[in-house]
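# Overview (structure and organization)
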Amino acid sequence: MIKILIIGASGQLGSVLTQKLQEKYGVENIIASDLRMNPSFNGCFEVLDATDFDALKEIVIKFGITQIYHLAAILSANGEKAPLSTWDINMKSLFNVLEVSRLTNMEKVFFPSSIAVYGNDAPKIQTPQDYVLAPSTVYGISKVAGENWAKYYYEKYGLDIRSIRYPGVIGHQSLPGGGTTDYAIDIFHKAVKNEVFECFLESTSVLPMIYMDDTIRATIELMEAPKENITVRTSYNLSGMSFSPEELTKSIQKIYPEFKIVYKPDFRQKIAESWPSSIDDSAARADWNWKPQFDIDAMTSIMIEELKLKYTAELNIN
Ligand code: SER
């Protein structure tokens, strides 16, 4: 009997993952939670502030939760505006998940980490899984600490907690909030609306990215892998594709030749420069057969198709 609690279910990844898990395990077995519910949400939803230990524990007991996906966090760019409260929120919510899971003998937990765990000194190309983690953002520091706490709970208490270091996630279903890779979603919305895109990164900043469908599939494949296959108990590097704003623009211009981008780098440029350009994910490939399916052009064409449908539908409603 599987009962899943998703924390951060109204967010960029959470909203899409919730739907996938509902399809897979049945709507009645998925409890979505967040500070607020998306107006279009269908299913079982609980308002939850994950920094509130008692509230989290109550929901876990009330629904007989067997698995938690803890997706709520303050991302890299927003985190830099309020470092101490970002640390508090990211760590407190994780500690609550770990402790409630330990106390209730949770079967499995998922905790996302990020490419943000690497810092300026790490090799930029095919950054190795085990390179020293010396991040330059508070978000990255909280993810490094989180990875180590996950490993600690696994080793000390046997909690089966699994994790992926996500690249920038790109999808048409939802909008990100406060990350450094957000430009790669906004750009598609502008292209489809026939507007000029103002990019907050420099044209040549290459970052690791991944299409939403690959992200969701990776997450579910990791969670379903046999326990004995999981050799990385901090967090797995995961690779989808890598590109710069300039390369993404060229991909979009294959469909919209008139599309225009202007560059106005801001504080997020420094964050991007501290991150890898590409990621060595050989551990994920070896342990649970990870293989991405979407390259930049395949992603671009689906993003544009789907966003065109979305905006046409909105025009018809209004
Ligand atoms: N996409 C995230 C961010 O930009 C990285 O994990 O903050």
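The chain is annotated in an unreviewed UniProt entry as NAD-dependent epimerase from Flavobacterium aquariorum. In its Sequence similarities (unreviewed entry) section, the UniProt record describing the chain reads: "Belongs to the NAD(P)-dependent epimerase/dehydratase family."

### Overview of the sheet that holds strand β8 (residues 164–166)
The strand order across the open sheet formed by 3 strands is β6-β8-β12, and the pairing between neighbours is parallel. The strands lining the two open edges of the sheet, one partner per strand, are β6 (113–114) and β12 (236–237). Pairing of β6 with β8, which is carried by 2 bridges, proceeds in the parallel orientation. Of the residues in β8, the one forming a bridge with Ser 113 is Arg 165.

### A short note on the pairing of strand β2 (residues 30–34)
Regular strands place side chains that alternate from one sheet face to the opposite one. By the criterion of burial, β2 is predominantly enclosed, with 5 of the 5 residues buried. Neither face of β2 is left uncovered, since the one carrying Ile 30, Ala 32 and Asp 34 and the one carrying Ile 31 and Ser 33 both have all their residues buried. Bridge count for strand β1 (residues 4–7) against β2 is 4 bridges, and the pairing is parallel. Within β2, the residue paired with Ile 4 across the bridge is Ile 30. With respect to chirality, the unit in which β1 leads through helix α1 (residues 12–25) into the neighbouring parallel β2 is right-handed. As paired elements, β2 and strand β3 (residues 44–47) share 4 bridges and run parallel to each other. By the bridge assignment, Ile 31 is partnered in β3 with Cys 44.

Parameters at a glance
Residues numbered from 1 in each chain as written. Predicted model: local features only at pLDDT ≥ 70, side-chain atom pairs only at ≥ 80, totals over all residues. Heavy atoms only, no water. UniProt positions renumbered as here; feature names shortened; annotations may be inferred. Pairing = 2+ DSSP bridges. Helix = DSSP H or I, 4+ residues; strand = E, 2+ residues; numbered from the N terminus. Buried < 20%, exposed > 50% of the residue type's maximum accessible area, 1.4 Å probe, protein only. Right-handed = clockwise from strand over helix to strand, strands pointing away.

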